[in-house]
Amino acid sequence: MQNPSLTETYSEHLYNSYPDMVSRIYYQNVILNDKNPSRQAYRRMGRRIKNYAEFGNPKTAIKWIDGLIEKYPTRPAMAEELGKVKDKLIKKGELH
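My aim in this report is to walk through the structure given alongside it, one point at a time.

What counts, and at which threshold
- Residues numbered from 1 in each chain as written.
- Predicted model: local features only at pLDDT ≥ 70, side-chain atom pairs only at ≥ 80, totals over all residues.
- Heavy atoms only, no water.
- Helix = DSSP H or I, 4+ residues; strand = E, 2+ residues; numbered from the N terminus.
- Expected span 1.5 Å × (residues − 1).
- Buried < 20%, exposed > 50% of the residue type's maximum accessible area, 1.4 Å probe, protein only.
- Arc of directions from axis to C-beta.
- Contact = heavy atoms within 4.5 Å.
- Polar contact = N/O pair within 3.5 Å; in protein donor to acceptor, adjacent residues only side chain to side chain.
- Patch = residues over 30% accessible without salt bridge, like charges linked within 9 Å, V, L, I, M, F, W, Y side chains within 5 Å.
- Areas by Shrake-Rupley, 256 points an atom, 1.4 Å probe, with all protein chains shown as cover.
- Salt bridge = Lys/Arg side-chain N within 4 Å of Asp/Glu carboxyl O.

### Considerations on helix α4 (residues 58–71)
Compared with an ideal rise of 1.5 Å per residue, which puts 14 residues at 20 Å, α4 spans 20 Å between its outermost C-alpha atoms and is within 8% of the ideal. Within α4, burial applies to P58, A61, I62, W64, I65 and L68. End-on view of α4: buried residues confined to an arc of 155°, all on one side of the axis. For α4, the exposed residues lying more than 90 degrees away from the buried face are K63, E70 and K71. Structurally, α4 contributes buried residues whose contacts are with α2 (19–31), α3 (39–55) and α5 (76–91). Two to three positions downstream of the cap, the backbone nitrogen of K59 sits 2.9 Å from a side-chain oxygen, assigning the N-cap of α4 to N57.

Okay, structure coming up:
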């Protein structure tokens, strides 16, 4: 919590002990941290959400995607990139 830049590095290792705290901090410091609205940034955001789904809660990752798309309806590139990640998570069977 004191060093947000380390969130992405250590989240996977700390998730089992502190799932709620890690999820909250990961979303704030990793997902919302990229302020650059570009397709490259949206791809990076998608990769980070997919990474979280692999070690964390896939249902939470889907909620993040849905929430971001709803929050920013004027960003079709973001919806497209995050929609790809959501489809992969669903196809992988991580969302029941």
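### Details of a nonpolar patch on the surface
On the surface, L6, Y10, L14, Y18 and M21 cluster together to form a nonpolar patch covering roughly 480 Å² of accessible area. Note on placement: M21 falls in helix α2. On the basis of relative accessibility, which here comes to 38%, the residue M21 falls in the partly exposed class.

### Looking at the side chain of S23
Relative to the elements of secondary structure, S23 occurs in helix α2. Look past the residues within four positions of S23 in its chain and what remains in contact with it is Y15, Y52 and W64.

The values are spatial; any link to function lies outside them.
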